[in-house]
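# Close look at the chain arrangement
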Amino acid sequence: MIKFADYNMIMEEQEGKKVVKINLLQVSMTLGTYLGLYMILVYLFTAMTVKYTALSLLSFPLLLGIPVVAFFLIRHFRDSTSIPFFPFPLSWMLSILTFLFATVLSCMAAYLYLRFLDNGALANGLMARMDLIMQSSQAVTQTMTDPAQVEQYNKTMELMQQTISWFCSLPASGKTKQLIQSSLMWGNILSLIIGLITAKRLRLK
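Let me sum up the structure you'll find in this document. (Residues numbered from 1 in each chain as written. Predicted model: local features only at pLDDT ≥ 70, side-chain atom pairs only at ≥ 80, totals over all residues. Heavy atoms only, no water.)

Looking only at helices and strands, the protein chain features 7 helices and 2 strands. Ordered by position from the N terminus, the helices and strands of the protein chain form the series α-β-β-α-α-α-α-α-α. Residues classed as buried in the protein chain amount to 33% of the 205 residues present. Expressed as a percentage of contacts within the protein chain between residues at least 6 apart in sequence, the contacts between residues at least 24 apart total 74%. For the protein chain, the accessible surface area stands at approximately 13,200 Å², while carbon and sulfur atoms represent 66% of it. (Helix = DSSP H or I, 4+ residues; strand = E, 2+ residues; numbered from the N terminus. Buried < 20%, exposed > 50% of the residue type's maximum accessible area, 1.4 Å probe, protein only. Contact = heavy atoms within 4.5 Å. Areas by Shrake-Rupley, 256 points an atom, 1.4 Å probe, with all protein chains shown as cover.)

Structure below.
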């Protein structure tokens, strides 16, 4: 059980009113650590799917679980503080910072893996998988009767092959940079949604 109320919230009496102060950075770093550890697990299973295709049945649900885990972390903190309201700006900023710290932690682990442990295994696996896809695409085009559809399909597959080849040619720092950009982009989008869901309005009595 994660407990935040003991060190993340200060409640003061000020002119007869209760004022709640939340250490936003400390809370977001704590939540980001938990979310970052989960994202490292997701990246690990995703990398292993290149070699073991069957793991994709597990890695894809884990990937979809990232926003779910983030939501439950934010909501658990909100409920543990027992404050009468949790405004949208606070929940939104907390979600953004949580994804930010989670991205830093998970992408640092990804860089260390790509730099010192991978030895090109990920790139080789992706290229081998892409070759299999290109071979199967030839059989698909043979079943098509519309020349325009065949041309559009071939262009799509060529673009995919070029993208994979470009990504595999990047050094560890380049791959990590792309991962950071993707994580921050989706983190900003998801934090807006999570902020709206976890916000709690003040109920007037």
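Attention now goes to the packing of aromatic side chains. If you walk through the whole model with that rule in mind, you get 3 aromatic pairs. The interplanar angle of 65 degrees and the centroid separation of 6.3 Å between the aromatic rings of Phe77 and Phe86 together place this pair among those described as edge-to-face. What makes Phe86 buried here is its relative accessible area of 0%. Here the aromatic rings of Phe88 and Trp92 are separated by 5.5 Å at their centres, their planes lie at 10 degrees, and the arrangement is stacked. Of this pair, Phe88 and Trp92 both sit in helix H4 (residues 88-117), 4 residues apart, which is roughly one turn of the helix. (Phe/Tyr/Trp six-rings, centres within 6.5 Å; stacked < 30°, edge-to-face > 60°.)

We now examine a nonpolar patch on the surface. Residues Leu100, Val104, Met108, Tyr111, Leu112, Tyr113, Phe116, Leu117, Ile180 and Leu184 make up a contiguous nonpolar surface patch of about 890 Å² in total accessible area. Only H4 and helix H7 (172-198) provide two or more residues apiece to the nonpolar patch. Relative to the helices and strands, Leu112 is located in helix H4. (Patch = residues over 30% accessible without salt bridge, like charges linked within 9 Å, V, L, I, M, F, W, Y side chains within 5 Å. Salt bridge = Lys/Arg side-chain N within 4 Å of Asp/Glu carboxyl O.)

Before going further, it helps to spend a moment on the environment of Ile133. Residue position: Ile133 is located in helix H5 (residues 121-142). Exposure remark for Ile133: the relative accessible area of 31% places this residue in the partly exposed category.

So, about the packing of helix H3 (residues 56-81) against H7. The N-to-C vectors of H3 and H7 enclose an angle of 40 degrees; their axes lie 10 Å apart at closest approach. Crossing hand, H3 versus H7: right-handed. Residues Pro67, Ala70, Phe71, Ile74, Arg75 and Arg78 of H3 touch H7, and the partners they reach there are Leu190, Ile194, Ile197 and Thr198. Residue composition of the contact of H3 with H7, grouped by class: 7 nonpolar, 1 polar and 2 charged. (Axes fitted to C-alpha atoms, helices over the stretch in contact; angles between N-to-C directions. Left-handed = near helix turned anticlockwise from the far one by under 90°. Nonpolar A, V, L, I, M, F, W, Y, C, P; charged D, E, K, R; others polar.)

A few words now on the packing of H3 against H4. In contact at an axis separation of 11 Å, H3 and H4 are set at 130 degrees when each is read in the N-to-C sense. Considered as vectors, H3 and H4 are oriented oblique to each other. You can see that H3 and H4 cross each other, and the crossing is right-handed. Only Leu94, Ser95, Thr98 and Phe99 of H4 make contact with H3, whose side of the interface consists of Ile66, Ala70, Ile74 and Phe77. Per-class residue counts for the contact of H3 with H4 are 6 nonpolar, 2 polar and no charged. (Parallel < 35°, antiparallel > 145°, perpendicular 65-115°, else oblique.)

Nonpolar side chains tend toward joint burial in soluble globular proteins. Of all hydrophobic cores here, the largest spans 22 residues; its most connected members are Leu31, Leu35, Ile66, Leu94 and Phe99. Elements with a contribution of two residues or more to this core: helix H2 (24-48), H3, H4 and H7. When residues of this core are assigned to their parent elements, the largest contribution, 8 residues, is made by H2. Once residues lying within four places of it in the same chain are set aside, the contact partners of Phe99 are Leu35, Ile66, Ala70, Gly187, Leu190, Ser191 and Ile194. (Core = buried A, V, L, I, M, F, W, Y, C linked by side-chain atoms within 4.5 Å.)

Further remarks concern unusual backbone geometry. The phi torsion at Asn119 lies on the positive side, around 55 degrees, for a residue other than glycine. On the secondary structure map, Asn119 appears in the loop between H4 and H5. For Asn119, a relative accessible area of 68% puts it in the exposed group.

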